[in-house]
Amino acid sequence: MNKKIRFAISFLIVVLALTACNQSSKTSEGDGNHFSQTEKTNAEIQPNTAAEIYVKKQVPVLCYHRIENGRNDEYTVSPATFEAHMKALADSGYHSISPDQYYEYLVYNAELPEKPVMITFDDSRVEHFTIGAPVMEKYGFKGVFFIMTITYNKKNYMTTNQIAELSKNGHTIGFHSWDHTQAIKYGNDSILKKNIIEPRKKLEEIIGKPVEYFAYPYGLTDERTTAQMNDYFKMSFILSTKQDSINPIQSVRRMIAPEWKPQSLLRAMEKTFSRR
Ligand SMILES: [Zn+2]
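Throughout this document, residue positions are counted from 1 along each chain, in the order its sequence is written. pLDDT decides what is reported in this predicted model: residues at 70 or higher carry local features, side-chain atom pairs at 80 or more are listed and counted, and totals for whole chains, interfaces and linings draw on all residues regardless.

> Quick question: what am I supposed to make of the packing of helix α3 (residues 79-91) against helix α9 (residues 262-272) here?
At a minimum axis distance of 9 Å, the contact between α3 and α9 shows a crossing angle of 60°. In terms of orientation, α3 lies oblique with respect to α9. Seen from above, α3 lies across α9 with right-handed handedness. Taking contact as the criterion, the partners of Ala84, His85 and Ala88 in α3 are, on α9, Pro262, Leu265 and Leu266. We call Asp, Glu, Lys and Arg charged. Ala, Val, Leu, Ile, Met, Phe, Trp, Tyr, Cys and Pro are nonpolar, and the rest, Gly among them, are polar. Looking at side-chain class alone, the contact of α3 with α9 contains 5 nonpolar, 1 polar and no charged residues. All axes are obtained by fitting lines to C-alpha atoms, using only the stretch in contact for helices, and the reported angles, taken between N-to-C directions, cover 0 to 180 degrees. The numbering of helices and of strands both runs from the N terminus, where a helix is a DSSP run of H or I of at least 4 residues and a strand a run of E of at least 2. Roughly parallel refers to an angle under 35 degrees, roughly antiparallel to one over 145, roughly perpendicular to one between 65 and 115, and oblique to any angle outside these ranges. Should the near helix be turned counterclockwise from the far one by less than a right angle, the crossing is left-handed, whereas a clockwise turn marks it as right-handed. Residues are scored as being in contact if the C-beta atoms we place from backbone atoms lie within 7 Å.

> Please explain the nonpolar core as it appears in this structure.
Nonpolar side chains tend toward joint burial in soluble globular proteins. Among the nonpolar cores identified, the biggest contains 51 residues, and Tyr64, Ile147 and Phe214 are the most heavily contacted of them. With residues near it in sequence (within four places) discarded, Phe214 still touches Gly174, Phe175, Met229, Phe233, Ser236 and Phe237. Throughout this description, the term nonpolar core refers to a group of buried Ala, Val, Leu, Ile, Met, Phe, Trp, Tyr and Cys residues whose C-beta atoms join them within 7 Å. With C-beta atoms placed from the backbone, a residue counts as buried when 20 or more other C-beta atoms lie within 10 Å of its own, as exposed when 12 or fewer do, and as partly exposed for counts between those limits.

> Which parts of the structure should I look at to understand the environment of Asp222?
If you trace the backbone, Asp222 turns up in the loop between β8 (213-215) and α8 (223-228). Asp222 sits in the exposed class, given 12 other C-beta atoms within 10 Å. Along the backbone, Asp222 and Ala183 are 39 residues apart, and their C-alpha atoms lie at a distance of 8.7 Å.

> Looking at this structure, how should I read the pairing of strand β5 (residues 116-122)?
The two faces of the sheet receive side chains in turn, since in a regular strand these alternate between them. Here β5 lies mainly inside the structure; 5 of its 7 residues are buried. Each pair of strands is called paired provided DSSP finds at least two bridges between the two strands. Where strand β1 (residues 61-64) lies against β5, 4 bridges are found, and the strand directions are parallel. Its bridge partner lying in β5, Tyr64 is registered against Phe121. Pairing analysis gives 2 bridges linking strand β4 (residues 95-96) to β5, with the strands arranged parallel. In the sheet register, His95 faces β5, and the bridge partner there is Pro116. By convention a crossover is right-handed if, when the strands point away from the viewer, the path from the first strand over the helix to the second runs clockwise. Crossover handedness for the path β4 to helix α4 (residues 99-108) to β5: right-handed. Where β5 meets strand β6 (residues 144-147), 3 bridges bridge the pair, whose relative direction is parallel. Bridging from a neighbouring strand, Phe121 pairs with Phe145 of β6. You can see the chain leave β5, run along helix α5 (residues 126-138) and come back into β6, and the turn it takes is right-handed.

> Just checking my understanding: could you explain unusual backbone geometry for this structure?
For residues other than glycine, phi is negative in most cases, and the peptide bonds are mostly trans. At Asn153, a residue that is not glycine, the phi angle is positive and equals roughly 60°. Position of Asn153 among the secondary structure elements: in the loop between β6 and α6 (160-168).

> Mind showing me how you'd approach helix α7 (residues 189-207) here?
Taking 1.5 Å of rise per residue, the 19 residues of α7 would be expected to cover 27 Å, and the 26 Å separating its terminal C-alpha atoms lies within 8% of that figure. Considering bend angle alone, the principal kink of α7 is centred on Pro199 and spans about 25°. Among the residues of α7, those classed as buried are Asn195, Ile196, Pro199, Arg200 and Leu203. Buried residues along α7 sit in contact with β6 and β7 (172-175). Gly208 sits one or two residues past α7 and shows a positive phi near 70°. For a helix, the expected span equals 1.5 Å multiplied by the residue count minus one. What we call the bend at a residue is the angle made by axes fitted to the seven residues finishing there and the seven residues starting there.

> What am I meant to see in the environment of Phe233 here?
Tracing the backbone through its elements, the reader meets Phe233 in the loop between α8 and β9 (235-237). When the 21 C-beta atoms within 10 Å are taken as the criterion, Phe233 is described as buried. Put simply, Phe233 and Phe214 are 19 residues apart on the chain and 6.6 Å apart in space, counted from C-alpha to C-alpha. Once residues within four sequence positions are removed from consideration, Phe233 is found in contact with Glu212, Tyr213 and Phe214.

> How should the environment of Gln58 be read in this particular structure?
Mapped onto the elements of the fold, Gln58 is located in the loop between α2 (50-55) and β1. Gln58 gets classed as partly exposed once you count the C-beta atoms within 10 Å, which come to 17. Residues within four places of Gln58 in sequence aside, it is in contact with Arg253 and Phe273.

Next comes the structure, spelled out in structure tokens:
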């Protein structure tokens, strides 16, 4: 073999080796890209517009207040009815979701489990801890507890330790005002401070986590208040009134679950959340 041919062959080997090396580094780079694609943070994903959020299919969100016998009002269910509701949801294949999951679905189109439902409780009643949470846990559900903070450690209401324990057990703690003053009256700074800023901070200290979700006292809000909540919460909840099309994320709908037979509840859920 003459020198020229030997050189040409060595050159070819080097080129082939380099190509192979480049190929393999490309493959691993490709995997790297693939990984970073799936790990993409929300900061890089374009959030849905209000109009896009407004037309997304709603998740049924149930709202409970009292769980006790002997009261006949729409804010109360008996312990037996509450358990029957949870059993019916589980038997029908519902999966409870957290406000974080609902938010990611509405804003970033994250996937939800099949037949999602959110189970929420207002006003910090002690039976939310003694009955609500254990019964939900029996059926594999997690709940959302909207705390009215003036009730801490008062008779018939949850203690701060119980609230912290719910949070530790994987339930979500939300905010429901300091003393149940209607949110439409939060206009000026001192009222806002007293009703949201200071009590929310205290609640965050109790559970050691941010409190990012709000349920309007009485489910009441107006256009101005709904827009204002963007400064304080990721997402806020009304009852089954009309959702605000300009700020749908601050007017997410819920329905009160009264002393109904489970089948009536399931039917009402479907009907209520198929309209706005
Ligand atoms: Zn309330």
